[in-house]
Amino acid sequence: MFTAFVFYLFAAVALAGALFVVLQRNPVYSALALILTLFAVSGLFFLLNTPFIGILQILVYAGAIMVLYLFVIMLLNLSREESILRAHRLQRVVGTLLGGLLLVVVAAVAIRQAGPGAPGSVPGAAPGTAEAVGRALFSDFLFPFEMASILLLAAIVGAIVMAKEDLR
Amino acid sequence: MAAFLITAFIKIFIVFNLILLTAAYLTWLERKLIARLQVRLGPNRVGPFGLLQPIADAIKLFCKEDILPARANRFVYTLAPMVSLIPAVVAFAVIPFGDSVQVLGYKVDLVITDVNIGVLYVLAITSLGVYGLVLAGWASNSKYALLGALRASAQMISYELSLGLSVIGVLILAGSLSLVDIVRAQERVWFILLQPLGFLIFLTCGVAETNRAPFDLPEAETELVAGFHVEYSSMKFAMFFMAEYVNMVTVSAMAATLFLGGWHGPLLPPVAWFMLKVFAFLFLFIWMRATLPRLRYDQLMRFGWKVLLPLALLNILVTGLVVGLQA
């Protein structure tokens, strides 16, 4: 009962925040709404008994990445709408199509996976503690984990090369 | 359930008020100590030894006019001080300040809540404090404030990384993310002896995270007037001020918990030891402000990325190797 209430609360906040991100024209407000959504999603992870993933959501996304987003928004001083909404028309059409496609895929997976149990709980799921996640990363998912790290390394090298102007 | 809720509420009430009181009297301590270090007397008019000065300051701030700058963003301008203060206070929830005690037949743990991700919780919550600074700088619609906010976000991002990495050595040794477990793991030897490098990195980054001298670039008064809070007045300003001092208390408590054995110590009761250690760090904070000049901005960035980060990674590597070879 209580779990269901908390689940619907977090879910509502997450959805409202996500809608606000897209509908808001002031980029700073959009960023703030995104932070709110991240918090609500983190709350959902806590509800699923996966505190480690929940806190990483805040530590990595809300605490670091969104700070950089805000930093860039403020640095560029994006004024209201012009620079964002002057997108190409084709871009809008393609964006809508791809967004709709993603929605269909996510909905299909969600409907297929929806099992028994109250909202906000996964029966028989392993607890998402730091130990469990660490063990999984370094055994079953070692290859994808290492691939991701190489990808990140490539991105770092690329960023340095692009930022360094006098590199001959 | 009822007993649990009641003890939880009582603990939250006591800790919350103690933190705010400590923060208030920290301003008195800072003024007194800096005055002494600069061969002055410091506040000594209000009450004996100026002890009522924080209360006089609070009344003054309450009565000041609350100014909203023209063309400022009203919503974000009001939100920013709250975003700054709340994480600072909430971060204290997982820090153990004493051993469990028997009260009226109940066993009460002297920590508000012991979660198995305690260290990550504190890091995550304290990393949110920067939003207060950034939003304040942006919403003020003032160039000095915006420059302060940009500096704050760059500085916080840079030093948070080394701060998080410096703790990993402790986590390897304790084998747990829970702060209660980390304190218990230091029963025989404090981690400062096993992790001297980690401790120094943590302390340096801790000072940078709280925006205290010599890392107080976001509010550098000689260049930016007062940085991100230049437009703020009255209680909104007081909230930023309080957030800074509460953050000092939190970082000191974390340093004591992670490296100085938390509440462990001979003779004196555990709570007294904890307070003593926190006070020692607070003293160090104030002492540093009175002694060290402010870094230049490029020095600050270079130091964070080219010195602290590699050292923190080296610390993890060496700790992991030693622990792995012993096992």
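Just so we're clear, the structure is a prediction, and the values are computed from it rather than from any experiment.

Definitions and cut-offs
- Residues numbered from 1 in each chain as written.
- Chains lettered and ligands numbered in written order.
- Predicted model: local features only at pLDDT ≥ 70, side-chain atom pairs only at ≥ 80, totals over all residues.
- Heavy atoms only, no water.
- Core = buried A, V, L, I, M, F, W, Y, C linked by side-chain atoms within 4.5 Å.
- Buried < 20%, exposed > 50% of the residue type's maximum accessible area, 1.4 Å probe, protein only.
- Helix = DSSP H or I, 4+ residues; strand = E, 2+ residues; numbered from the N terminus.
- Contact = heavy atoms within 4.5 Å.
- Salt bridge = Lys/Arg side-chain N within 4 Å of Asp/Glu carboxyl O.
- Domains from an automatic or database assignment.
- Buried area = accessible area lost by both parts, 1.4 Å probe.
- Polar contact = N/O pair within 3.5 Å; in protein donor to acceptor, adjacent residues only side chain to side chain.
- Nonpolar A, V, L, I, M, F, W, Y, C, P; charged D, E, K, R; others polar.
- Axes fitted to C-alpha atoms, helices over the stretch in contact; angles between N-to-C directions.
- Parallel < 35°, antiparallel > 145°, perpendicular 65-115°, else oblique.

### Considering the nonpolar core
Here comes step 1: With 113 residues, the main nonpolar core has Val119(B), Leu179(B), Ile182(B), Phe202(B) and Leu258(B) as its most contacted residues.
Here comes step 2: By residue number, the principal contributor to this core is helix α4 (residues 118-139) of chain B, which donates 16 residues.

### Observations concerning the environment of Ala256(B)
Residue and element names in this part refer to chain B.
Here comes step 1: You can see Ala-256 is positioned in helix α10 (residues 234-259).
Here comes step 2: With 22 residues separating them along the chain, Ala-256 and Val-278 place their C-alpha atoms 6.2 Å apart.
Here comes step 3: Apart from the residues lying within four places of it in its own chain, the contact partners of Ala-256 are Gly-261, Gly-262, Lys-277, Val-278 and Phe-281.

### So, the pattern of salt bridges
All names here are of chain B.
Here comes step 1: According to the stated counting rule, one finds four salt bridges over all chains in the structure shown.
Here comes step 2: In this structure, the salt-bridge partner of Glu-30 is Arg-289, at a minimum N-O distance of 3.0 Å. Within this pair, whereas Glu-30 is found in helix α1 (residues 2-37), its partner Arg-289 is found in helix α11 (residues 270-291), the two being separated by 259 residues in sequence.
Here comes step 3: Taking the relative accessible area as the measure of exposure, Glu-30 reaches 2% and is therefore buried.
Here comes step 4: Arg-289 gets classed as partly exposed once you look at its relative accessible area, which sits at 41%.
Here comes step 5: Salt-bridge contacts for Asp-298 lead to Arg-296; the nearest nitrogen and oxygen are separated by 2.9 Å.
Here comes step 6: Assessed through its relative accessible area of 32%, Asp-298 is described here as partly exposed.
Here comes step 7: Bridged by salt links that share partners, the residues Arg-296, Asp-298 and Arg-302 form one connected network.

### What to know about unusual backbone geometry
Among all residues except glycine, the phi angle is most often negative; among peptide bonds, the trans geometry is most common.
Here comes step 1: Positive phi outside glycine occurs at Val39(B), with the angle close to 55°.
Here comes step 2: Position of Val39(B) relative to the elements: it lies in the loop between α1 and α2 (53-63).

### Examining the side chain of Glu160(B)
Here comes step 1: Looking at the secondary structure, you find Glu160(B) in helix α5 (residues 143-174).
Here comes step 2: Here Glu160(B) is in contact with Gly63(A), Ser127(B) and Glu209(B), once residues within four sequence places are set aside.

### A look at the domain arrangement of chain A
Residue and element names in this part refer to chain A.
Here comes step 1: Domain boundaries in chain A define domain 1 (1-75) and domain 2 (125-168).
Here comes step 2: Each of domain 1 and domain 2 has a C-alpha centre, and the two are 23 Å apart.
Here comes step 3: The interface of domain 1 with domain 2 comprises five residues on the first partner and five residues on the second.
Here comes step 4: Both sides together, the interface formed by domain 1 and domain 2 hides about 360 Å², and carbon and sulfur atoms give 74% of it.
Here comes step 5: Between the two partners, domain 1 and domain 2, sit zero residue pairs in polar contact (both at pLDDT 80 or more).
Here comes step 6: Partitioned by chemical class, the residues of the side of domain 1 that touches domain 2 number three nonpolar, two polar and no charged.

### A short note on the packing of α4(B) against α5(B)
Residue and element names in this part refer to chain B.
Here comes step 1: Relative orientation of the contacting elements α4 and α5 amounts to 175°, with a least axis distance of 8 Å. Judged by the inter-axis angle, α4 sits roughly antiparallel to α5. Residue-level inspection shows Val-119, Leu-123, Ser-127, Val-130, Leu-133, Val-134, Gly-137 and Trp-138 of α4 in contact with α5, the latter providing Ala-145, Leu-146, Ala-149, Ala-152, Ser-153, Met-156, Glu-160, Leu-163, Gly-164, Val-167 and Leu-171.
Here comes step 2: A class-by-class count of the residues in the contact of α4 with α5 yields 14 nonpolar, four polar and one charged.

### Considerations on the interface of chain A and chain B
Here comes step 1: Across the contact, 24 residues belong to chain A and 25 residues belong to chain B.
Here comes step 2: Between chain A and chain B, roughly 2,000 Å² of surface is buried when both sides are summed, and carbon and sulfur atoms account for 82% of that area.
Here comes step 3: Seen at the junction of chain A and chain B, the total is zero salt bridges.
Here comes step 4: Summed over the shared surface of chain A and chain B, the number is two residue pairs in polar contact (both at pLDDT 80 or more).
Here comes step 5: Those elements that provide at least two residues to the side of chain A that touches chain B are α2 (27-47) and α3 (51-76) of chain A.
Here comes step 6: Examining the composition of the side of chain A that touches chain B, we find that 15 residues originate from one element, α3(A), more than from any other.
Here comes step 7: Its residues assigned to classes, the side of chain A that touches chain B shows 21 nonpolar, three polar and no charged.

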